[in-house]
Amino acid sequence: MSRYSIPVKKNTRDRLRAFSNRNLLDRQSYDEAVNELLDYTEFATAEELNAEYRPVERGRS
């Protein structure tokens with residue numbers, strides 16, 4: 001998919017292009033680059049997300 005086909009405003013597209021120009025994959029793996037981005041945006045960890053969606057325990061009164 002071309003970055004030009006992403007339906008975002010020009011300023012957003014320019015920011016995405018600037019971020020992609022950092023060449024993150026030259027110094028780390030794809031997984032590390034994605035995790036760096038998630039950390040930077042302070043996105044919840046898997047543990048934090050799972051804690052909010054615990055299974056309902058049945059059979060307890």
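Predicted model only: the values in this text are computed from it and were never measured.

Quick notes on the rules
- Along every chain, residues carry numbers that run from 1 in the direction the sequence is written.
- At least 70 in pLDDT is required for a residue's local features to be given in this predicted model, at least 80 for side-chain atom pairs to be given and counted, and no such filter applies to totals for whole chains, interfaces and linings, which use all residues.
- Side-chain measures here rest on the full set of heavy atoms in the structure, leaving out hydrogens and waters.
- Strands here mean DSSP runs of E at least two residues long; helices mean DSSP runs of H or I at least four residues long; both are numbered from the N terminus.
- Relative accessibility decides the category of a residue: with a 1.4 Å probe and only protein chains considered, values under 20% of the type maximum give buried, values over 50% give exposed, and everything between is partly exposed.
- To measure how exposed things are, a 1.4 Å probe is used in the Shrake-Rupley method; for residues, cover is taken only from the protein chains shown.
- By convention in these notes, a salt bridge is any Lys or Arg side-chain nitrogen within 4 Å of a carboxyl oxygen on Asp or Glu.
- Each patch is built from residues lacking any salt bridge and having more than 30% relative accessible area; the joining distance is 9 Å for like charges and 5 Å for nonpolar side chains (Val, Leu, Ile, Met, Phe, Trp, Tyr).

Digging into the overall build of the chain
Here is step 1: The number of helices and strands found in the chain is 4 helices and 0 strands.
Here is step 2: What you see in the chain, going N to C, is helices and strands ordered as α-α-α-α.
Here is step 3: Expressed as a percentage of its 61 residues, the buried residues of the chain come to 5%.
Here is step 4: Roughly 6,100 Å² of accessible area belongs to the chain as shown, and the carbon and sulfur atoms make up 52% of that amount.

Topic: the pattern of salt bridges
Here is step 1: Counted under the stated rule, the structure contains 3 salt bridges.
Here is step 2: Of the charged contacts, one joins Arg-17 and Asp-14 as a salt bridge, the two residues approaching to 3.3 Å between their closest N and O atoms. Of the two residues, Arg-17 and Asp-14 are both situated in helix 1 (residues 10-20); the distance of 3 residues between them amounts to about one turn of the helix.
Here is step 3: Note that Arg-27 is salt-bridged to Glu-36, the shortest N-O span being 3.6 Å.
Here is step 4: Judged by relative accessible area, Glu-36 falls into the partly exposed class, the value being 26%.
Here is step 5: Beyond isolated ion pairs, a larger network of salt bridges with shared partners links Lys-10, Asp-14 and Arg-17.

So, unusual backbone geometry
Here is step 1: Located in the positive-phi region is Glu-42, a residue other than glycine, with phi close to 55°.
Here is step 2: With respect to the secondary-structure elements, Glu-42 resides in the loop between helix 3 (30-40) and helix 4 (46-52).
Here is step 3: Given the relative accessible area of 72%, Glu-42 is considered exposed.

Some thoughts on a nonpolar patch on the surface
Here is step 1: There is a patch of nonpolar side chains on the surface, built from Leu-25, Tyr-30, Val-34, Leu-38, Phe-43 and Leu-49 and spanning about 580 Å² of accessible area.
Here is step 2: At 3 residues, the largest contribution of residues to the nonpolar patch is made by helix 3.
Here is step 3: Relative to the helices and strands, Leu-49 is located in helix 4.

In short, shape yes, function no, at least from these values alone.
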